[in-house]
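Each chain, written out:
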Amino acid sequence: MRKESSTNNINEKRLREMCGTSYALSIIGGRWKPTIICRLMDGKVRYSELRDSIAGVSERMLVQQLRELEKDGILIRIVHPQVPPKVEYELTEDGLCMQPMLTKMSEWGNNHKAKYQKEELV
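Because the structure is predicted, anything quoted here is derived from the model rather than measured. (Residues numbered from 1 in each chain as written. Predicted model: local features only at pLDDT ≥ 70, side-chain atom pairs only at ≥ 80, totals over all residues. Heavy atoms only, no water.)

1. Regarding the overall build of the chain
This is how the line gets drawn: Numbering of helices and strands starts at the N terminus; helices are DSSP runs of H or I of at least 4 residues and strands are runs of E of at least 2. Each residue is placed in one exposure class: buried if its accessible area under a 1.4 Å probe, protein chains only, is under 20% of its type's maximum, exposed if it is over 50%, and partly exposed if it falls in between.
For the chain, the helix and strand inventory stands at 7 helices and 3 strands. Ordering the α and β elements of the chain from the N terminus gives α-α-α-β-α-α-β-β-α-α. For the chain, the C-alpha atoms occupy an extent of roughly 55 × 45 × 25 Å along the three principal directions. Looking at the 122 residues of the chain, the share that counts as buried comes to 25%.

Right, here's the structure in full:
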């Protein structure tokens, strides 16, 4: 956790306020958030299905990322009052409207990776 008054924190806040791209990346950036969002594009997913579909993510990290996405209005958490507990996650309208952007980012990433990984192998 960084100090609120640190230069790094102040610069980050200023950049998010001035640049829509930086703001968007602060919401969906990171290792797991784009994958979580993509997994939810087809509709509601139970927590256990989501966890099992993302190789390598720890439960602690998945829960943290889900909470952040919920706080930012990207998804909703649906708790069904039953035993055993059933929890589902679903994208909000703000989350669903990211699909074209994420698709384009994926295309760009795949093209860029193909271009530059070839050069690294030589």
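2. Side note on the nonpolar core
Burial of nonpolar side chains together is a common tendency in soluble globular proteins. To keep it simple, the criterion reads: Nonpolar core, defined: a set of buried Ala, Val, Leu, Ile, Met, Phe, Trp, Tyr and Cys residues in which side-chain atoms within 4.5 Å join the residues together. Note on contacts: a residue pair qualifies if any of its non-hydrogen atoms lie within 4.5 Å across the two residues.
Counting 22 residues, the largest nonpolar core has Ile36, Ile37, Leu62, Leu66 and Leu75 as its most contacted members. Elements with a minimum of two residues in this core: α2 (20-28), α3 (33-40), α4 (47-53), α5 (59-71) and β3 (86-91). Those residues in contact with leucine 62, other than ones at most four positions away along the chain, are Ile36, Tyr47, Leu50, Arg51, Ile54 and Val57.

3. Considering the environment of isoleucine 54
Note on placement: isoleucine 54 falls in the loop between α4 and α5. Its relative accessible area of 5% is what places isoleucine 54 among the buried residues. Along the chain, isoleucine 54 and isoleucine 27 lie 27 residues apart, while their C-alpha atoms are 19 Å from each other.

4. Let's talk about the UniProt feature "domain: HTH hxlR-type" (unreviewed entry) in the chain
Convention followed: UniProt positions are given in the numbering used here, feature names are shortened, and annotations may be inferred rather than shown by experiment.
The feature "domain: HTH hxlR-type" (unreviewed entry), as annotated in UniProt, sits at residues 19-117 in this numbering. The span residues 19-117 is 61% helix and 14% strand, and its two end C-alpha atoms sit 30 Å from each other.

5. Points about a nonpolar patch on the surface
Spelled out, the test is: In this analysis, a patch consists of residues with relative accessible area above 30% that form no salt bridge, clustered at 9 Å for like charges and at 5 Å for the nonpolar side chains Val, Leu, Ile, Met, Phe, Trp and Tyr. Using the Shrake-Rupley algorithm and a 1.4 Å probe, accessible areas are obtained, with residue cover drawn only from the displayed protein chains. Basic side-chain nitrogens of Lys or Arg form a salt bridge, by our definition, when they fall within 4 Å of a carboxyl oxygen of Asp or Glu.
The grouping of Leu25, Met101 and Met105 at the surface amounts to a nonpolar patch, some 250 Å² of accessible area in total. By secondary structure assignment, the location of methionine 101 is in helix α7 (residues 99-121).

6. Structural notes on the sheet that holds strand β1 (residues 45-46)
Put simply, the rule reads: By definition, two strands form a pair when at least two bridges between them are found by DSSP. In this description, a line fitted to the C-alpha atoms serves as the axis of each element, helices being fitted only across the stretch in contact, and the angle between N-to-C directions of two axes falls anywhere from 0 to 180 degrees.
The antiparallel open sheet is built from 3 strands, whose spatial order is β1-β3-β2. Strand pairing shows two members of the sheet lacking a second neighbour, β1 and β2 (75-80), which therefore form its edges. Bridging between β1 and β3 involves 2 bridges; their strand directions are antiparallel. Bridge pairing in β3 links arginine 46 to glutamate 88. Taken strand by strand, α3 contacts β1, β2 and β3, and its axis lies near 95° from that of β3.

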